[in-house]
Amino acid sequence: LLVEMACAHVELDTITYSAAVSACEKAGQWAKALGFLVEMELAHVDLNTITYSAAVSACEKGGEWAKALGLLVEMALACVELDTITYN
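Now for a look at the structure at hand. (Residues numbered from 1 in each chain as written. Predicted model: local features only at pLDDT ≥ 70, side-chain atom pairs only at ≥ 80, totals over all residues. Heavy atoms only, no water.)

**Quick word on the packing of helix α3 (residues 30–42) against helix α5 (residues 65–77)**
The description of two packed helices rests on the angle between their axes and on the distance between the axes. Where α3 meets α5, the closest approach of the two axes is 12 Å, and the angle between their N-to-C directions is 25°. Compared by their axis directions, α3 and α5 come out roughly parallel. In the crossing of α3 with α5, the sense of the turn from one axis to the other is left-handed. Side by side, α3 and α5 meet where Trp30, Leu34, Leu37 and Glu41 of the first sit next to Lys67, Leu71 and Glu74 of the second. Looking at side-chain class alone, the contact of α3 with α5 contains four nonpolar, no polar and three charged residues. (Axes fitted to C-alpha atoms, helices over the stretch in contact; angles between N-to-C directions. Helix = DSSP H or I, 4+ residues; strand = E, 2+ residues; numbered from the N terminus. Parallel < 35°, antiparallel > 145°, perpendicular 65-115°, else oblique. Left-handed = near helix turned anticlockwise from the far one by under 90°. Contact = heavy atoms within 4.5 Å. Nonpolar A, V, L, I, M, F, W, Y, C, P; charged D, E, K, R; others polar.)

**Considering the pattern of salt bridges**
Summed over all chains, the structure comprises two salt bridges. Put simply, lysine 26 and glutamate 25 hold a salt bridge, and the shortest N to O gap is 3.6 Å. Overall, lysine 26 belongs to the exposed group, its relative accessible area being 64%. Here glutamate 25 and lysine 61 are joined by a salt bridge, their closest N and O atoms 2.5 Å apart. One end of the pair, glutamate 25, is in helix α2 (residues 14–27); the other, lysine 61, is in helix α4 (residues 49–61), with 36 residues separating them in the sequence. For glutamate 25, a relative accessible area of 9% corresponds to the buried category. Residue classification places lysine 61 among the exposed residues on the basis of a relative accessible area of 53%. Beyond isolated ion pairs, a larger network of salt bridges with shared partners links Glu25, Lys26 and Lys61. (Salt bridge = Lys/Arg side-chain N within 4 Å of Asp/Glu carboxyl O. Buried < 20%, exposed > 50% of the residue type's maximum accessible area, 1.4 Å probe, protein only.)

**Re the nonpolar core**
Counting residues in each nonpolar core, the largest one holds 23 residues, and the members touching the most others are Tyr17, Val21, Phe36, Leu37, Met40, Tyr52 and Leu71. Broken down by secondary-structure element, the contributors of at least two residues to this core are α2, α3, α4 and α5. Considering every element that reaches this core, the biggest residue donor is α4, with six residues. Apart from residues lying up to four places away in sequence, methionine 40 is in contact with Thr14, Tyr17, Val45, Asp46, Leu47 and Thr51. (Core = buried A, V, L, I, M, F, W, Y, C linked by side-chain atoms within 4.5 Å.)

Have a look at this one:
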């Protein structure tokens, strides 16, 4: 879907990517969720608390605790606010 949006010249922004990461979280696709984070960084799209929280949750649901903890550290280093949803 994101590829189709890009081809249609729809701007892929933080909200669009956050929705995609959240969908990956719900589908148990933790690796794809992390892939979207990389895409966001390469496209210079800001990652926010919602994006990171969905990715952390995707990793948690996939049993990837080390990756989830790594994302929490990355959030702190990027000065992205960690909230109760993130820690939950």
